[in-house]
Amino acid sequence: MLIITAMAVAALCAQAKVRLPHIIGDNMVLQQCTEARLWGWDQPGKKVNVSVSWDTQKTYTAKTGKDGRWMVKVQTPKASYTPLSITFDDGEPLTISGVLSGEVWVCAGQSNMEMPVKGFGQCPVEGYNDEVINARNYKGIHYVKIPSVMSMTPLDDANCEWKEVSAATVGEASATGYFFAQVVNKALDIPVGLVMANKGGTRVESWLTKENLQKYTQEPLDTMGIVNGHEWDYHRQLVWGNGTFNPILNYTVKGIIFYQGCSNVGDPGDQYSERLHLLVRQWREQFGLGEIPFYFVEIAPYNYSTLDGDNGARLREQQYKASTLIPNSGLVCTNDLAYPYESSQIHPTQKKPVGQRLAYLALNQTYGMTDVWCKSPSFKDMKINGGTIDIHLNDDYGSISRFEDIQGFEVAGDDHVFHPAKAVHFWQPGGGYWDETVRITCDEVPHPVALRYCFKNFQPGNLKNGAGLPLFPFRTDNW
């Protein structure tokens, strides 16, 4: 009885002190020049004072509710590498230090976002040693990895801690996220914080809320239905968003970078583009920060059990469609980022260009660096003249990468059978200037009616624009 009483008193004392979520702690990065949310728990009815080192004249005060929760919004300073501190005081002060003000981005998705700089087993990341050696050149990049946890109900906290990038810590950071942060950090010369909330193998449904799953899908939402509905736990709906993403939703961020889609290959019709659009809308509502930027990655070439199949290509098509539906978004093309020997490697080794291309989108579209060319070219129009097809591209930045040996085009006639085609650069006069044109012919198809570019599971192409960014795979048919 005495032991039980002592334990109860100890628990009460522990509850009496202000408690912070793990994501609010030493070495965190605050979103600069905004009202950043800070929150936690204490005894019901308790007053919590929050003071910040960058404004000693001001104290923020909150009173806990019946559930013991409290929240304040603090005005954050301009980005700087100067370490800051924050003190939370309910009568017993608690101080966190090593805090920086900068730009905060969420790294979400499945395994190609989760994949760390040191790689996975049998799945290396190109340039690992160089990144360890050069980590000291990137000051002010911090990251926090949210543990991948399933939950039937939304969780408020996650067992995590912020880490400053160094030779000892860089290997655990998301490779795509870290390479994104490198470019932003170097271009803007400010700290960058990465909140890594992802899980390998997850579907887009894994991150949707119960309410959205009920309203827009037929996914079962009872425990046994979720468990029995998928052979692999990482495919389960609802539970990864509840356990892995919900704990970060109070954190004040700049935007989201996202790499996901492999586990949704084979979805029918427009289902994926509609559900990704829904997910982005959900996350923006949950963060409550307005229409924050959302930049995402096209799934890379992979065989999906057959090289010449097109179920992976159709998912990429859905990703491109989603990019046209989601406001304040951008899509990174990865058609050139799989080596010929990686057809059965779902985690391609070239992660640095992926992160860099995401950063180009952010620098141009979010940070106003319009001289940074950020878009891949896409199909604009075509004209068929007998056996010849001429096409024009959007976003070519005034040039295409090669005049000859353009690979990846196929044409079909009325029989719907596609054949490899020859493609060359062609300058076409028009409107007082010369249009960048690609001219396509195929001896096997004297009367072409449809054109495809790299519209297969594994078909890397080699056509790029003036920025060195690859052409999005496309088709002109709806077969």
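(A) Representation of the pairing of strand S5 (residues 69-75) in the model. Side-chain alternation along S5 places Trp70, Val72 and Val74 on a buried face and Arg69, Met71, Lys73 and Gln75 on a face that remains uncovered. For strand S2 (residues 35-41) and S5, the ladder comprises seven bridges, and the chain directions are antiparallel. The residue bridging Leu38 from the neighbouring strand is Val72, located in S5.

(B) Geometry of the side chain of Asn335. Of note, Asn335 is situated in the loop between strand S13 (329-332) and helix H10 (352-366). Separated by 3.2 Å, the side chain of Asn335 and the backbone oxygen of Gln459 make a polar contact. Among the polar contacts made by the side chain of Asn335, one reaches the main-chain amide nitrogen of Gly461 at a distance of 2.6 Å. Among residues more than four places away in sequence, those in contact with Asn335 are Glu298, Pro301, Tyr453, Cys454, Gln459, Pro460, Gly461, Pro470, Leu471 and Pro473.

(C) Summary view of the pattern of salt bridges. For the coordinates displayed, the defined rule picks out 23 salt bridges. One salt bridge connects Glu114 with Lys145, and the closest N-O pair in it is separated by 3.9 Å. Linking Glu114 in helix H2 (residues 111-114) with Lys145 in strand S8 (residues 141-145), this pair joins segments that are 31 residues apart in sequence. Ionic pairing is found between Asp336 and Arg357, a salt bridge with its closest N-O pair at 2.9 Å. One end of the pair, Asp336, is in the loop between S13 and H10; the other, Arg357, is in helix H10, and 21 residues separate them in sequence. Given the relative accessible area of 15%, Asp336 is considered buried. Judged by relative accessible area, Arg357 falls into the buried class, the value being 9%. It is possible to trace a salt-bridge network through shared partners that takes in Arg203, Glu205, Glu219 and Arg275.

(D) Up close: the sheet that holds strand S20 (residues 450-453). With respect to topology, four strands assemble into an open sheet ordered S17-S16-S20-S21, the strand pairing being antiparallel. The strands lining the two open edges of the sheet, one partner per strand, are strand S17 (418-420) and strand S21 (474-475). Bridging between strand S16 (residues 409-412) and S20 involves four bridges; their strand directions are antiparallel. Considered in S20, the bridge of Val411 is made with Leu451.

(E) Examining the confidence of the model for the chain more closely. Model confidence for the chain is summarised by a mean pLDDT of 94, while 95% of its residues fall at 70 or above. The low-confidence segment residues 1-15 (pLDDT under 50) makes three contacts with residues lying over four places distant or belonging to another chain.

Parameters at a glance
- In this numbering scheme, every chain counts its residues from 1 along its sequence in written order.
- Reporting of local features is limited, given that this is a predicted model, to residues whose pLDDT is at least 70; pairs of side-chain atoms are given and counted only at 80 or more, and all residues count toward the totals for whole chains, interfaces and linings.
- With hydrogens and water set aside, each side-chain value is computed from the structure's full complement of heavy atoms.
- The cut-offs for exposure are 20% and 50% of the maximum accessible area for each residue type, with area from a 1.4 Å probe on protein chains only; residues under the lower value are buried, those over the upper are exposed, and the others partly exposed.
- Secondary structure is summarised from DSSP: a helix means a run of H or I of at least four residues, a strand means a run of E of at least two, and numbering begins at the N terminus for each.
- DSSP calls a pair of strands paired once it identifies at least 2 bridges connecting them.
- Whenever a nitrogen or oxygen atom comes within 3.5 Å of another N or O atom, the pair is scored as a polar contact, on the condition that within protein one atom can donate a hydrogen and the other can accept it, and that pairs from neighbouring residues in sequence are kept only if both atoms are in side chains.
- The contact criterion used is simple: two residues touch if any of their non-hydrogen atoms lie within 4.5 Å.
- Think of a salt bridge as a Lys or Arg side-chain nitrogen and an Asp or Glu carboxyl oxygen that are within 4 Å of each other.
- Per-residue confidence from the predictor is reported as pLDDT, a score between 0 and 100.

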